[in-house]
Amino acid sequence: VERAGGTPLAIPVDVADAEAVEAAAERVERDLGLIDVWVNNAFASVFAPFEEISADEFRRVTEVCYLGFVNGTRSALARMRPRDRGVVVQVGSALGERSIPLQSAYCGAKHAIRGFMDSIRSELIHNKSNVKLTAVHMPALNTRQFDWVLNRMPRKPQPVPPIFQPEVGARAVYHAAHHPRREYYVGRSSVQAIVGNKVAPELLDEYLARTCYEAQQYDGADDPNRKNNLWEPIPGDHGAHGDFDARASERSPQLWLDTHRKWVAMGLAAAGIVGAVAAKKAA
């Protein structure tokens, strides 16, 4: 941020604590000025069969992944609605539209965000508010989460391929913040999962039951005593990239087409007109 000419302000906060989130928002506006864009992206999870996740662990994931978004949205709207401007970006997931095994707590929270978001959006429309609410549904990203997520699978956790670099997701969030619409799908795999679930959910149930246990694991046995960030953060700056650089894509043609759909539509229309004219002359 400094290299880009901005002023950074990092405030460690547990987003499950509504009062702490509100205090952070107050400090941001006091130190940096009015908040124009708010991005909810907090994450915690447990990779395990449902029966191996304790009630406290399940509640913690829900508090971070769902109530954290609720708390952030509340603090953002408390400032944006009186000014009648601003954008709230909810970083969602393809798993918020199509759940997979071994991630019941995370998938449940992401589905809950969808229900919460649709309700709030309708309220904003009813009040003729100019505040925008948009969602960006992510594919598998090569982030550090797989190094510190609480894992009870036999082997090391991995993102379900295909895997994308975190910059792909970052570009999508940036675009959504400046061109808000109802939602964005990132990556062809997200589109396939979301649309496929609308068309044939029972087939996907069977397919994921057969393939998705293996698809979320790789390499050898995981260290059962390694640190995880379910209850508190892992100290230090771990960067943005995980261990899957060799398998992660740096670009998403689907995202490019989606974020340039106006120009793509105009190009297709122009090509259709040229083709029609050419056909008429040939006749």
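Scroll up a little and you will see the structure.
Residues numbered from 1 in each chain as written. Predicted model: local features only at pLDDT ≥ 70, side-chain atom pairs only at ≥ 80, totals over all residues. Heavy atoms only, no water.

Asks: Explain the overall build of the protein chain to me, using residue names and the numbers behind them.
Replies: Within the protein chain one finds 9 helices and 11 strands. The C-alpha atoms of the protein chain give 21 Å as radius of gyration, which agrees with the globular expectation for 283 residues (19 Å, within 12%). Projected onto its principal axes, the C-alpha coordinates of the protein chain cover approximately 75 × 50 × 40 Å. Within the span of the protein chain, comprising 283 residues, buried residues form 43% of the whole. In the protein chain, of all internal contacts separated by at least 6 residues, the share reaching a separation of at least 24 is 78%. Total accessible area on the protein chain is roughly 15,800 Å²; 57% of this is exposed by carbon and sulfur atoms. When the 34 positive and 34 negative side-chain charges of the protein chain are each reduced to one mean point, those points stand 10 Å apart. (Helix = DSSP H or I, 4+ residues; strand = E, 2+ residues; numbered from the N terminus. Rg over C-alpha atoms; globule rule 2.2 N^0.38 Å. Buried < 20%, exposed > 50% of the residue type's maximum accessible area, 1.4 Å probe, protein only. Contact = heavy atoms within 4.5 Å. Areas by Shrake-Rupley, 256 points an atom, 1.4 Å probe, with all protein chains shown as cover. Lys, Arg positive; Asp, Glu negative; His and termini not counted. Charge placed at Lys NZ, Arg CZ, Asp CG, Glu CD.)

Asks: Give me the side chain of Lys-110: which residues, what numbers.
Replies: Structurally, Lys-110 is set in helix H3 (residues 104-126). Setting aside residues up to four positions removed in sequence, Lys-110 forms contacts with Phe-69, Val-91, Gly-92, Ser-93, Leu-95 and Gly-96.

Asks: Just give me the short version of the sheet that holds strand S4 (residues 132-138), but keep the residues and values in it.
Replies: Ordered by their spatial adjacency, 4 strands build an open sheet running S1-S3-S4-S9, and the pairing between neighbours is parallel. The sheet is open, and its two edges are formed by strand S1 (37-40) and strand S9 (183-185), each paired on a single side. Taking each pair of neighbouring strands and ignoring which way they run, the sheet shows an average axis angle of 20°. The pairing of strand S3 (residues 87-93) with S4 spans 7 bridges and is classified as parallel. Each residue of the ladder has a partner; that of Val-87, found in S4, is Lys-132. (Pairing = 2+ DSSP bridges. Axes fitted to C-alpha atoms, helices over the stretch in contact; angles between N-to-C directions.)

Asks: Can you explain the side chain of Arg-79? Please cite residues and give values.
Replies: Within the fold, Arg-79 resides in helix H2 (residues 55-83). The exposure class of Arg-79 is buried, given its relative accessible area of 11%. Side-chain polar atoms of Arg-79 contact the side chain of Glu-22, separated by 2.7 Å. Within the structure, the side chain of Arg-79 is placed 2.9 Å from the backbone oxygen of Ser-75, a separation counted as a polar contact. Apart from the residues within four sequence positions on either side, Arg-79 is in contact with Glu-22, Ala-25, Glu-26, Glu-29 and Ile-35. (Polar contact = N/O pair within 3.5 Å; in protein donor to acceptor, adjacent residues only side chain to side chain.)

Asks: Account for helix H1 (residues 18-31), with residues named and values stated.
Replies: Each α-helix turn comprises 3.6 residues. Residues three or four places apart therefore point the same way. Here H1 contains 14 residues, and its C-alpha end-to-end distance of 20 Å stays within 8% of the 20 Å for a straight helix at 1.5 Å per residue. On its buried face, H1 sits against S1 and H2. You can read the cap of H1 off the contacts: a side-chain oxygen lies 3.1 Å from the backbone nitrogen of Glu-19, and it is on Asp-17. Positive phi shows up at Gly-33, right after H1, with a value of about 110°. (Expected span 1.5 Å × (residues − 1).)

Asks: So what about the packing of H2 against H3? Which residues, and what values?
Replies: Each pair of packed helices can be summarised by the angle the axes make with each other and by the distance between the axes. Two numbers describe how H2 lies on H3: the axes approach to 8 Å, and their chain directions differ by 20°. Compared by their axis directions, H2 and H3 come out roughly parallel. Crossing geometry of H2 relative to H3 is assigned as right-handed. Each of Phe-58, Val-61, Cys-65, Tyr-66, Phe-69, Val-70, Thr-73, Leu-77 and Arg-81 in H2 lies in contact with H3, whose residues at this interface are Ser-104, Ala-105, Tyr-106, Ala-109, Lys-110, Ala-112, Ile-113, Phe-116, Ile-120 and Leu-124. (Parallel < 35°, antiparallel > 145°, perpendicular 65-115°, else oblique. Left-handed = near helix turned anticlockwise from the far one by under 90°.)

Asks: Tell me what's going on with the environment of Phe-50, and back it up with residues and numbers.
Replies: Note on placement: Phe-50 falls in the loop between strand S2 (46-47) and H2. In this structure the C-alpha to C-alpha distance between Phe-50 and Ala-105, which are 55 residues apart in sequence, comes to 8.0 Å. Once residues lying within four places of it in the same chain are set aside, the contact partners of Phe-50 are Phe-58 and Ser-104.

Function-wise, these values are silent; they only describe arrangement.
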